[in-house]
Amino acid sequence: MVSIKTGTHRLGPDNATLRVKTGRRGAAAKAGHDLVIDVTSWRATVKVGDDPGQISLELDADAGSLRVLEGTGGVQELRDEDKVEVERTIDDEVLKGQPIEFRSTEVEAFDGGRQLRVRGTLRMAGNSHSVEFELGVGSDGQIAGGATRKQTDWGIKPYSGLFGALKVADEVEVVGEASPP
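All of the points below concern the structure found in this document. In every chain, residue numbers begin from 1 and rise along the written sequence. Local features in this predicted model are restricted to residues whose pLDDT is 70 or higher, and side-chain atom pairs enter the listing and the counts only when it is 80 or higher, whereas totals over whole chains, interfaces and linings include all residues. Processing note: side-chain calculations cover all non-hydrogen atoms of the structure and skip hydrogens and water entirely.

With that settled, consider the overall build of the protein. Going along the chain from the N terminus, every DSSP run of H or I of four or more residues is numbered as a helix, and every run of E of two or more is numbered as a strand. Regarding its fold elements, the protein presents one helix and 14 strands. Exposure is judged per residue with a 1.4 Å probe applied to protein chains only, and the accessible area is read against the type maximum: over 50% gives exposed, under 20% gives buried, and values in between give partly exposed. For the protein, with 181 residues in total, the buried portion stands at 40%. Where accessible areas are quoted, they stem from the Shrake-Rupley method and a 1.4 Å probe; at the residue level, only the protein chains shown are allowed to cover. Accessible area for the protein stands at about 9900 Å²; split by element, carbon and sulfur atoms hold 48% of it.

Right, here's the structure in full:
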């Protein structure tokens, strides 16, 4: 049985985390950084009914709220001014200032309610696609999970620098963790 309490649960940066992890590739990959990016303005609503099949999830995130937490690797340390420039590039050039939205169409509990398979529509950079991912549910109701997605599936051209020799990998990982009341 799903151990998330019945009812409507509101999640956001004050009681949960939502992060994006990027990698690098290309001939000059050693010069770049693998990034951990925190989404600082977002909200999610999880509705749980009495029946395990009555679960829905909605999420809205502000593309301008992504903040670089850390950058590992690279020839030089990632400075604060570098982080600000990365954040500006993500909002202006990658996500084009458009909101990120997810709406579930089906949430299926399995493994005795310890896992949720979530299906729905993700809208990003003006394009929508069906996605599926899994979330783990702890005995205390904690929810955690992640998924890897290709930027190009949403018409996003991965950022490149140094005349194309340094590129952000097409695949980015999105991870989240929350403890609903």
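A pair of aromatic rings is counted whenever rings of Phe, Tyr or Trp (Trp by its six-membered ring) have centres within 6.5 Å, and the orientation is called stacked for planes under 30 degrees apart, edge-to-face for over 60 and tilted otherwise. All chains considered together, the criterion is met by one aromatic pair. For a lysine, the NZ atom is tested; for an arginine, the CZ atom; a charge sits over a ring if that atom is within 6 Å of the ring centre and within 35 degrees of the ring normal. A cation over an aromatic ring shows up here: arginine 117 above the ring of phenylalanine 110, its NZ or CZ 4.4 Å from the ring centre.

Inspection of the secondary structure assignment puts glutamate 70 in strand β7 (residues 66–72). In this structure glutamate 70 comes out as partly exposed when scored by relative accessible area, which is 40%. Along the sequence, glutamate 70 and aspartate 34 sit 36 residues apart, while their C-alpha atoms lie 8.2 Å from each other. Every residue pair with non-hydrogen atoms within 4.5 Å of one another is taken to be in contact. In this view, glutamate 70 contacts Asp34, Leu35 and Val36; residues no more than four positions away in its chain are not counted.

Moving on: the environment of glutamate 173. You can see glutamate 173 is positioned in strand β14 (residues 171–178). The sequence separation of glutamate 173 and arginine 149 amounts to 24 residues, and the corresponding C-alpha distance is 6.4 Å. Beyond its immediate chain neighbours, meaning those up to four positions away, glutamate 173 contacts Arg19, Val20, Lys21, Ala147 and Thr148.

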